[in-house]
Amino acid sequence: MADLSVDDSDRKLETLVKEVIEVIRPALQADEGDVVLHGVNEKTGEVTVELIGACITCDSSDQTIKAGIERVLKERVPEVTSVLNIGEASAEEGTAVTL
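How each quantity is defined
- Residues numbered from 1 in each chain as written.
- Predicted model: local features only at pLDDT ≥ 70, side-chain atom pairs only at ≥ 80, totals over all residues.
- Heavy atoms only, no water.
- Disulfide = S-S within 2.5 Å.
- Buried < 20%, exposed > 50% of the residue type's maximum accessible area, 1.4 Å probe, protein only.
- Pairing = 2+ DSSP bridges.
- Helix = DSSP H or I, 4+ residues; strand = E, 2+ residues; numbered from the N terminus.
- Axes fitted to C-alpha atoms, helices over the stretch in contact; angles between N-to-C directions.
- Contact = heavy atoms within 4.5 Å.
- Salt bridge = Lys/Arg side-chain N within 4 Å of Asp/Glu carboxyl O.
- Core = buried A, V, L, I, M, F, W, Y, C linked by side-chain atoms within 4.5 Å.

Engineer: Could you clarify how one ought to interpret the state of the cysteines in this entry?
Structural biologist: Such a bond, covalent and formed between the sulfur atoms of two cysteines, is termed a disulfide. Applying the stated rule across the entire model yields 0 disulfides. Among the cysteines around cysteine 55, which has no disulfide bond, cysteine 58 carries the closest sulfur, lying 6.4 Å off. Note on cysteine 58: relative accessible area 35%, which makes it partly exposed.

Shown next, in the form of structure tokens:
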């Protein structure tokens, strides 16, 4: 059995998350939006993403994160505990740009 370091585990979990995001992505792109994966914390199961394109100004972006992306990730990758949109954090801090 291979001895996986934390970095190797992170990469493995990140690979699984990336695969699931590729399944979700076409639905977002159909509405002229998209999602960018920024990080996966193997220890906490927290996934950080950023909604882009039309998703930035969409009133349903919170619902997209929780009922869409987070739900599907948790179903397909049990190690995922939550999905955070870093775009929301930037907006709260006053650093987000809305066009």
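Engineer: Would you mind going over the sheet that holds strand β3 (residues 82-85) with me for this structure?
Structural biologist: Note on sheets: strands pair through backbone hydrogen bonds, and any given pair is parallel or antiparallel. Overall, mixed pairing links the 3 strands, which are arranged β1-β2-β3 in an open sheet. The strands lining the two open edges of the sheet, one partner per strand, are β1 (33-41) and β3. Sheet twist, expressed as the mean angle between neighbouring strand axes with direction ignored, is 30°. Along the sheet, helix α2 (residues 61-76) makes contact with β1, β2 (46-53) and β3, crossing β3 at roughly 145°.

Engineer: Please explain the pairing of β1 as it appears in this structure.
Structural biologist: Within a regular strand, the side chains alternate between the two sheet faces. With 8 bridges joining them, β1 and β2 adopt antiparallel strand pairing. Directly across from asparagine 41, in β2, lies its bridge partner glutamate 46. Counting the residues that bridge the hairpin from β1 to β2 gives 4 residues, and of these glycine 45 lies at a positive phi of roughly 80°.

Engineer: Even after reading the chapter, I still don't get the environment of isoleucine 21, so can you show me in this structure?
Structural biologist: Relative to the assigned elements, isoleucine 21 resides in helix α1 (residues 6-30). Separated by 52 residues in the primary sequence, isoleucine 21 and leucine 73 place their C-alpha atoms 7.8 Å from one another. Excluding residues within four positions of it along the chain, isoleucine 21 makes contact with Val35, Leu37 and Val49.

Engineer: What's the story with the pattern of salt bridges in this structure? I'm lost.
Structural biologist: Any two side chains of opposite charge can pair, on the condition that their charged atoms come close. Under the criterion given, the structure shown has 6 salt bridges. Across the pair lysine 74 and glutamate 70 runs a salt bridge whose closest N-O atoms are separated by 3.7 Å. Placement of the pair is lysine 74 and glutamate 70 together in helix α2, with a separation of 4 residues, close to one helical turn. For glutamate 70, a relative accessible area of 9% translates into the label buried. Members of the salt-bridge network, linked through shared partners, are Glu22, Arg25 and Asp34.

Engineer: Which parts of the structure should I look at to understand the nonpolar core?
Structural biologist: A general trend in soluble globular proteins is that nonpolar side chains are found buried together. Formed by 19 residues in total, the largest nonpolar core has its most connected members in Val17, Val47, Ile69, Leu73 and Val83. When contributions to this core are tallied by element, the ones reaching two or more residues are α1, β1, β2 and α2. Top element by residues in this core is α1. It accounts for 6 residues. With sequence-adjacent residues up to four places away left out, valine 83 is seen in contact with Val47, Val49, Ile65, Lys66, Ile69, Glu70 and Leu73.

These results come straight from atomic positions and should not be treated as a statement about function.
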